[in-house]
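Here's the letter readout for the chains.
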Amino acid sequence: MDVSDPSLFESDGYRAAFKRLRAEDPVHYCGESRFGPYWSITTYDDIDAVDRNYRVFSSALEHGGNLIADYAPEASPSFIAMDPPEHRRHRSLVTPVFTTSNLAELESEIRRRVRDILDSVPVGEPFDWVGRVANQLPSQMLATPFGVPEENRDQMFRWAQHIMARLEGHAAPAERGPSFSAYFLRLLDESRLRPREFDLISHLVHGPDSQTLSDETFLSHLKLLVVGANDTTRASIAGGLKAMIEQPGSFAALKADPALTARAVVEIIRFVSPVIHMRRTALEDAEVGGKTIRAGEKVVMWIVSGNRDERVFPDAEKLVLDRDGPRPLSFGSGVHHCIGFRLAQLQVRALWEELIARYSSIESAGPAIRTGANLVFGHASMPVVLRH
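Residues numbered from 1 in each chain as written. Predicted model: local features only at pLDDT ≥ 70, side-chain atom pairs only at ≥ 80, totals over all residues. Heavy atoms only, no water.

Enquirer: I keep staring at the overall build of the protein and nothing clicks. Help me out?
Expert: When helices and strands are counted, the protein shows 14 helices and twelve strands. Considering the protein as a whole, with its 388 residues, one finds that 55% of them fall into the buried category. Expressed as a percentage of contacts within the protein between residues at least 6 apart in sequence, the contacts between residues at least 24 apart total 71%. If you sum the accessible surface of the protein, you get close to 16100 Å²; carbon and sulfur atoms cover 51% of it. In the protein, the 44 positive side-chain charges and the 52 negative ones have mean positions that sit 2 Å from each other. (Helix = DSSP H or I, 4+ residues; strand = E, 2+ residues; numbered from the N terminus. Buried < 20%, exposed > 50% of the residue type's maximum accessible area, 1.4 Å probe, protein only. Contact = heavy atoms within 4.5 Å. Areas by Shrake-Rupley, 256 points an atom, 1.4 Å probe, with all protein chains shown as cover. Lys, Arg positive; Asp, Glu negative; His and termini not counted. Charge placed at Lys NZ, Arg CZ, Asp CG, Glu CD.)

And the structure:
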């Protein structure tokens, strides 16, 4: 069974496919696909175990990287496509930006931008939730730690679209305005001369190991952060609203008990699974779920399946706002745990707190259109109506 086909994720076809694999063959070998042969890891416990075992299951670019599609040989790796100790050394360059104290300083700006975005959308008439809200908030917020001025913040979304299209093997949309590389190489040069305290680029270029890094490596790290903080948060904002609309009573329940919001955000991220898969390559023969994976074979962790594992999440196909239990797999495990997960959760939480304070209901105004991809759960459009 080839579950890598992007068309599966444009519909709900992926749900039945992964449910069957979890029940009948949770560690499954697919001999032929557009991405070559690969193993599917589909249960929560097996995904968590593979993700934590970086000594056996490698993310490194030289072994193929972290996506089911192999990286181009000439690609420059970001830290997500590295193994320790290189991974720790490169990741540590940006970790200080995402500390609890820095995020606390960002919270007021997040809430201000949420209010501004919602002030700009109509009430009582249809509009596109994806274009007007889901695309806007993460792009605007990511620009702050990047040091991108207000007038250039719309460009963040266009850059993220361009980078993601290349990662997913689609034709990249035509770039408008400066290219990502040209723009951020200029910011790198400015930060070398005039570092700023709360600035991700300044942390990159003035870190203890920064002098040994090439400009290409700097740009790879920045592209990872643009995609990671942009597309995954956008997917959670769009997919979370769609789930609420499709499950009658959810919005009313959250509005009646706002204290549920923090737990509801974690549940939304589980249910949506914004990152569909991550890939590893076996460095030696290893047993997973009773199957022997040989050295050199491609191993795909289907996060979207692990987050619907019925043995871990009862009523896994249902959005349970007050769910207790294990954390979802959406942000990864072990050394590759997402560096910006708190920022993503903070944005989604601030948005839902504002939604339940402002509106009595949110209704669908037409079919939502998904994008065809097997990496990030994207929506191209989602018409909705907000009611006071």
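Enquirer: Mind showing me how you'd approach the nonpolar core here?
Expert: One recurring pattern in soluble globular proteins is that nonpolar side chains are buried together. Membership of the largest hydrophobic core comes to 105 residues, with the highest contact counts inside it found for W129, F146 and F184. With 14 residues, the top contributor of residues to this core is helix 10 (residues 215-246). Those residues within four positions of F184 in sequence are excluded, and the remaining contacts are F146, V148, M156, W159, I201, L219 and L222. Among the nonpolar cores identified, the runner-up in size contains 16 residues, and Y14, F18, F35 and Y38 belong to it. (Core = buried A, V, L, I, M, F, W, Y, C linked by side-chain atoms within 4.5 Å.)

Enquirer: Help me out: how do you make sense of the packing of helix 6 (residues 136-146) against helix 7 (residues 154-167) in this one?
Expert: When two helices pack together, their arrangement is given by the angle between their axes and by how far apart the axes lie. Put simply, helix 6 and helix 7 touch, their axes get as near as 8 Å, and they point 105° apart. Here helix 6 is positioned roughly perpendicular relative to helix 7, judged by the angle of their axes. Seen from helix 6, the contacting residues are Q136, S139, L142, A143 and F146; seen from helix 7, they are D154, M156 and F157. Among the residues making up the contact of helix 6 with helix 7, the classes are represented as five nonpolar, two polar and one charged. (Axes fitted to C-alpha atoms, helices over the stretch in contact; angles between N-to-C directions. Parallel < 35°, antiparallel > 145°, perpendicular 65-115°, else oblique. Nonpolar A, V, L, I, M, F, W, Y, C, P; charged D, E, K, R; others polar.)

Enquirer: Looking at this structure, how should I read the pairing of strand 8 (residues 298-302)?
Expert: On a regular strand, each side chain points to the face opposite its neighbour's, so the side chains alternate between the two faces of the sheet. Of all five residues in strand 8, five are buried; the element is thus mostly enclosed. Residues K298, V300 and W302 line one face of strand 8 and the alternating positions V299 and M301 line the opposite face, and both faces are buried. In this structure, strand 2 (residues 38-41) lies alongside strand 8, joined through three bridges in parallel fashion. When the bridges of strand 8 are listed, W39 appears paired with V299. Alignment of strand 5 (residues 277-282) against strand 8, held across five bridges, turns out to be antiparallel. Following the sheet pairing, H277 is matched in strand 8 by W302. (Pairing = 2+ DSSP bridges.)

Enquirer: Before we go on, may I ask you to explain the sheet that holds strand 1 (residues 27-30) in this structure?
Expert: Hydrogen bonds between backbone groups are what pair the strands of a sheet, and the pairing can be parallel or antiparallel. Strand order in the open sheet made by the five strands is 1-2-8-5-3, with mixed pairing throughout. Only two strands of the sheet have a single neighbouring strand rather than two, namely strand 1 and strand 3 (57-58). Here helix 2 (residues 44-52) sits on the sheet in contact with strand 1, strand 2, strand 3, strand 5 and strand 8, set at roughly 130° to strand 8.

Enquirer: Help me understand the pattern of salt bridges in this model?
Expert: Close approach of charged atoms lets side chains of opposite charge pair. Scanning the model with the defined rule gives 25 salt bridges in all. When the shortest N-O distance is used, the salt bridge between E310 and R22 registers 2.8 Å. In this pair, E310 sits in the loop between helix 13 (303-306) and helix 14 (341-358) while R22 sits in helix 1 (residues 13-24), placing the two residues 288 residues apart along the sequence. Judged by its relative accessible area of 5%, R22 is buried. A salt bridge links R263 to D324; its shortest N-O distance comes to 3.1 Å. Here R263, found in helix 12 (residues 261-272), pairs with D324, found in the loop between helix 13 and helix 14; they are 61 residues apart in sequence, far enough to count as distant. A relative accessible area of 35% means that R263 is categorised as partly exposed. Residues joined by salt bridges that share partners form a network here, namely E107, R111, R349 and E353. (Salt bridge = Lys/Arg side-chain N within 4 Å of Asp/Glu carboxyl O.)

Enquirer: Help me out: how do you make sense of the sheet that holds strand 9 (residues 361-364) in this one?
Expert: Strand order in this open sheet of three strands is 4-12-9, and the pairing throughout is antiparallel. Whereas interior strands pair on both sides, the edge strands pair on one side only; in this sheet they are strand 4 (127-128) and strand 9. As paired strands, strand 9 and strand 12 (residues 383-387) are joined by four bridges and run antiparallel to one another. Note on strand 12: the bridge partner recorded for S361 is R387.

Enquirer: So what exactly am I meant to see when it comes to the environment of D215 here?
Expert: Mapped onto the fold, D215 is located in helix 10. On a C-alpha basis, the gap between D215 and T99 in space is 25 Å, while along the polypeptide they are 116 residues apart. Here D215 is in contact with L185 and R192, once residues within four sequence places are set aside.

Enquirer: Teacher, can you tell me more about helix 6 here?
Expert: Every α-helix winds through 3.6 residues per turn, so residues three or four apart in the chain are directed the same way. Counting buried positions along helix 6 gives ten out of eleven residues, so the element sits mostly inside the fold. By the burial criterion, the buried members of helix 6 are L137, P138, S139, Q140, M141, L142, A143, T144, P145 and F146. At the C-terminal side of helix 6, G147 shows a positive phi close to 75°.

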